[in-house]
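Read off the chains here:
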Amino acid sequence: MQEALKEAVKALDADEVPIGAVIVLGNRIIGRAHNQRETLKDPTAHAEIIALTQAAAALDNWRLAGATIYVTLEPCPMCAGALVNARVKTLVYGAKDPKAGACGSLFNIADDKRLNHRLEVISGVMEQDCQSVLQEFFRVKRSSHKCLGESGQ
């Protein structure tokens, strides 16, 4: 999770929502990414999706059986669906996402018995650290909007 947090900080530095993801198979990192929606102007450029693409390229296979993904925030429906489709074995995430979380909070795509694959989910790993990065990002965003509002711009 520490490596995923490093990715989240990269996103923070790029003025992206600070979410990081790292995919591990065995003892080797095969994919790592952070959110890049603003940078790439791509609504699908979530940390998980980019990390999945890297991992599939590293293995030369879209099936990531046996892989574990570490993500700083609970995946959204798009990312949870991609994890299921990629046959990822385990999802480890830090902070829950009560507004868009699809691995237990709002939906539970990761453990939906109607789907052809389910993931083991471990939540709350380094939760406070993961939440802190997100809270700092949004605190700065809110304060900069107040400043703009006060100046009339």
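Note that the coordinates shown come from a computational prediction; the quantities given were computed from them, not determined experimentally.

What counts as what
- Residues numbered from 1 in each chain as written.
- Predicted model: local features only at pLDDT ≥ 70, side-chain atom pairs only at ≥ 80, totals over all residues.
- Heavy atoms only, no water.
- Phe/Tyr/Trp six-rings, centres within 6.5 Å; stacked < 30°, edge-to-face > 60°.
- Buried < 20%, exposed > 50% of the residue type's maximum accessible area, 1.4 Å probe, protein only.
- Helix = DSSP H or I, 4+ residues; strand = E, 2+ residues; numbered from the N terminus.
- Pairing = 2+ DSSP bridges.
- Polar contact = N/O pair within 3.5 Å; in protein donor to acceptor, adjacent residues only side chain to side chain.
- Salt bridge = Lys/Arg side-chain N within 4 Å of Asp/Glu carboxyl O.
- Expected span 1.5 Å × (residues − 1).
- Contact = heavy atoms within 4.5 Å.
- Core = buried A, V, L, I, M, F, W, Y, C linked by side-chain atoms within 4.5 Å.

S.K.: Would you mind going over the packing of aromatic side chains with me for this structure?
M.R.: The geometry of an aromatic ring pair is captured by two quantities: the separation of the ring centres and the angle between the planes. Under the definition given, this model contains 1 aromatic pair. An angle of 80 degrees between the planes, with centres 4.9 Å apart, marks the rings of Phe 137 and Phe 138 as edge-to-face. We classify Phe 137 as buried; its relative accessible area is 6%.

S.K.: Could you clarify how one ought to interpret the pairing of strand β1 (residues 20–25) in this entry?
M.R.: A regular strand carries its side chains on alternate faces of the sheet. With respect to burial, β1 is a largely interior element, 5 of its 6 residues being buried. In this sheet, strand β2 (residues 28–34) lies alongside β1 in antiparallel orientation, the contact comprising 6 bridges. Note on β2: the bridge partner recorded for Val 22 is Arg 32. When β1 meets strand β3 (residues 68–73), the two strands line up antiparallel, connected through 4 bridges. Following the sheet pairing, Ala 21 is matched in β3 by Val 71.

S.K.: Help me understand the environment of Asn 61, please; the structure alone is not making it clear to me.
M.R.: Mapped onto the secondary structure, Asn 61 falls in the loop between α3 (47–59) and β3. Each C-alpha atom of the pair Asn 61 and Ala 86 lies 9.3 Å from the other, and the pair is 25 residues apart in sequence. Within the structure, the side chain of Asn 61 is placed 2.9 Å from the backbone nitrogen of Arg 63, a separation counted as a polar contact.

S.K.: Could you clarify how one ought to interpret the pattern of salt bridges in this entry?
M.R.: Scanning the entire structure with this criterion turns up 9 salt bridges. Note that Glu 3 is salt-bridged to Arg 32, the shortest N-O span being 2.9 Å. Of this pair, Glu 3 sits in helix α1 (residues 2–13) while Arg 32 sits in strand β2, and the two are 29 residues apart along the sequence. We classify Glu 3 as partly exposed; its relative accessible area is 27%. Residue Arg 32 pairs with Glu 7 through a salt bridge whose shortest N-O separation is 3.3 Å. Residue Arg 32 is found in strand β2, and its partner Glu 7 is found in helix α1; the two are separated by 25 residues along the sequence. What makes Arg 32 partly exposed here is its relative accessible area of 27%. Members of the salt-bridge network, linked through shared partners, are Glu 3, Lys 6, Glu 7, Lys 10 and Arg 32.

S.K.: Even after reading the chapter, I still don't get α3, so can you show me in this structure?
M.R.: Its 13 residues give α3 an end-to-end C-alpha distance of 18 Å, which sits within 8% of 18 Å, the value for a rise of 1.5 Å per residue. Listing the buried residues of α3 in full gives Ala 47, Glu 48, Ile 49, Ile 50, Ala 51, Leu 52 and Ala 55. Looking at the buried side of α3, the elements it contacts are β1, β2, β3 and α4 (77–85). With its phi angle positive at about 55 degrees, Asp 60 sits one or two positions after the end of α3.

S.K.: How do you make sense of the nonpolar core when you look at a structure like this?
M.R.: Generally speaking, nonpolar side chains in soluble globular proteins are found buried as a group. Of all hydrophobic cores here, the largest spans 43 residues; its most connected members are Ile 23, Leu 52, Leu 64, Ile 69, Val 88 and Leu 91. The set of elements that each furnish at least two residues to this core consists of α1, β1, β2, α3, β3, α4, β4 (90–95) and α5 (127–151). Dropping the residues within four chain positions of it, Ile 69 is found in contact with Ala 21, Val 22, Ile 23, Glu 48, Leu 83, Val 88, Thr 90, Leu 91 and Val 92.

Keep in mind these numbers describe shape, not what the thing actually does.
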